[in-house]
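# Architecture at a glance
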Amino acid sequence: MTRSVPVATIRGTAIRLHWTFILFLGALLTVVSITKGPIPAISLSALVVLMFVCVLLHEFGHITMARAFGISTPEVILLPIGGLAKLKRIPNDPEQELAIAIAGPVVNFALFTILVLVLGRWPDWGTIPEFGQGQINLVEQLAIFNLIVGLFNLLPAFPMDGGRILRALLGFILPHSKATRIATRVGQAMAVAMATAGLMGGNIILTGIGLFIFFAAGSEAQLDAVRNAMGGVSVGQVMVTGQPVLAMSDPMMDAADAILHTDYEELPVLNPDGSLAGFVLRAELLEAVSRHGLEATVREATREDIPLVSIHAQAAKAADLLERGAPAVGVVDRVGSFLGLVTWRNLLDVLAIRGAVARHERADARRHLGNKCD
Ligand code: ZN
């Protein structure tokens, strides 16, 4: 999810194209120019680019509304299935979440209205199968596209806007975590229904979207559970310590040895002053060895793009950094010396333990209650 190319920055938000989006556009251009010739290929690509401008405007609906609540959006990523605005934080306040979620589809409905006015008539839905073939009015195609995108995003399934709208509405009467759980269940039920309908009707795209929503809803619920469980917990309370430590100039053999004799997935590589230079990841070590050999230095296997947090920071901050694609987060003290690390796996462990403790406490409370009744 992290491989993307920045194309522009608008008011502090970097617009990035995900590699699958570039691949998708490239494949589209190639296939259509081979089967139909270069002119239809160019006109189809132009349509797709304009469609994605609409998707981007939808995302900027969210971004502008979020900014009104003081939430910045460092980046927005364009995927073949749509856009993804990465807000600095998801508001816990249902009113704010509702306003931010609804702002995206509202942009599409506004665009639809404007395009219909420009067109001067109601669009002809029968033209959908002929989209992108050059015969249909461009304004008409974009109008229909915007209405579909607006309505589709209102489906009550995470990570679609409708899922957030549902959670926000439930949040007015229920605690946030319960609202998330219900919204996730509804979303997953919808996703299963979509995937099944797709399978039965032979519509592979619908099945794909259903599967995507199903897993996205699960990970959204997991992220939310981690964020909730980490409330009031500091990084120092959840970090992992005690890993063997490497230096950039150590032979690769040392890294291989450390990986072989321990269970750690990440090994810290330190600078001479004790600050973190990066991590050697178990998953990437083999690749580095096969490319550079065991005689190379640890430097060749070190991932240097590791975010750092203070030991006093909130654990939820580490969760956000991990969610944004970091393989691990380094924990440092006031002067920047390395102390330990936080991984997603380790946050899930903390979550599991807290869940077990809570279950034990509930069972205990029930027992006490039972004793009183006796
Ligand atoms: Zn949206």
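The text that follows walks through the structure, step by step, so that each part is easy to find.

A word on a nonpolar patch on the surface. Together, V49, L50, V53, L57 and L138 line one region of the surface with nonpolar side chains, adding up to about 370 Å² of accessible area. Looking at the nonpolar patch, the element that brings in the most residues is helix α2 (residues 38-68), giving four residues. Assignment of secondary structure puts V49 in helix α2. For V49, a relative accessible area of 42% translates into the label partly exposed.

Core analysis: the biggest nonpolar cluster contains 28 residues, and F52, L56, F60, V76, L78, L142 and F145 have the highest contact counts within it. For this core, the secondary-structure elements that each account for two or more residues are β2 (13-18), α1 (19-35), α2, β3 (75-79), α3 (94-119) and α4 (138-153). No other element matches the eleven residues that α2 contributes to this core. Contact partners of V76, with chain neighbours within four places excluded, come to T13, A14, I15, R16, L56, E59, F60, I63, L84 and A85.

Once that is clear, we can look at helix α9 (residues 252-261). Buried residues of α9: M252, A255, A258 and I259, and no others. What you see down the axis of α9 is that its buried residues fit within an arc of 125 degrees, all on one side. With respect to the buried face of α9, the exposed residues turned more than 90 degrees away are L260 and H261. Looking at the buried side of α9, the elements it contacts are β5 (246-247), β6 (266-270), β7 (276-281) and α10 (282-292).

Overall, the coordinates contain nine salt bridges when judged by the stated rule. Two residues, R16 and E75, come together in a salt bridge whose shortest N-O distance is 4.0 Å. Of this pair, R16 sits in strand β2 while E75 sits in strand β3, and the two are 59 residues apart along the sequence. Measuring nitrogen to oxygen at the nearest pair gives 2.7 Å for the salt bridge that ties R303 to E284. Note that R303 is positioned in strand β8 (residues 302-303) and E284 in helix α10, a separation of 19 residues in sequence. Look at the salt bridges and you will find they share partners, linking E284, R303 and D305 into a network.

Bringing the sheet that holds β2 into the picture now. Overall, mixed pairing links the four strands, which are arranged β1-β2-β3-β4 in an open sheet. The open sheet has two edge strands with one neighbour each: β1 (4-10) and β4 (82-86). For this sheet, the mean inter-axis angle between neighbouring strands, taken without regard to orientation, is 25 degrees. Sheet topology note: the β2/β3 ladder contains four bridges and is parallel. Across the sheet, L17 pairs through a bridge with L78, a residue of β3. On top of the sheet, α2 reaches β1, β2, β3 and β4; it is set at about 155 degrees to β3, its chief contact.

Procedures and definitions
- Residues numbered from 1 in each chain as written.
- Predicted model: local features only at pLDDT ≥ 70, side-chain atom pairs only at ≥ 80, totals over all residues.
- Heavy atoms only, no water.
- Patch = residues over 30% accessible without salt bridge, like charges linked within 9 Å, V, L, I, M, F, W, Y side chains within 5 Å.
- Areas by Shrake-Rupley, 256 points an atom, 1.4 Å probe, with all protein chains shown as cover.
- Salt bridge = Lys/Arg side-chain N within 4 Å of Asp/Glu carboxyl O.
- Helix = DSSP H or I, 4+ residues; strand = E, 2+ residues; numbered from the N terminus.
- Buried < 20%, exposed > 50% of the residue type's maximum accessible area, 1.4 Å probe, protein only.
- Core = buried A, V, L, I, M, F, W, Y, C linked by side-chain atoms within 4.5 Å.
- Contact = heavy atoms within 4.5 Å.
- Arc of directions from axis to C-beta.
- Pairing = 2+ DSSP bridges.
- Axes fitted to C-alpha atoms, helices over the stretch in contact; angles between N-to-C directions.

Purely geometric numbers; function is a separate question.
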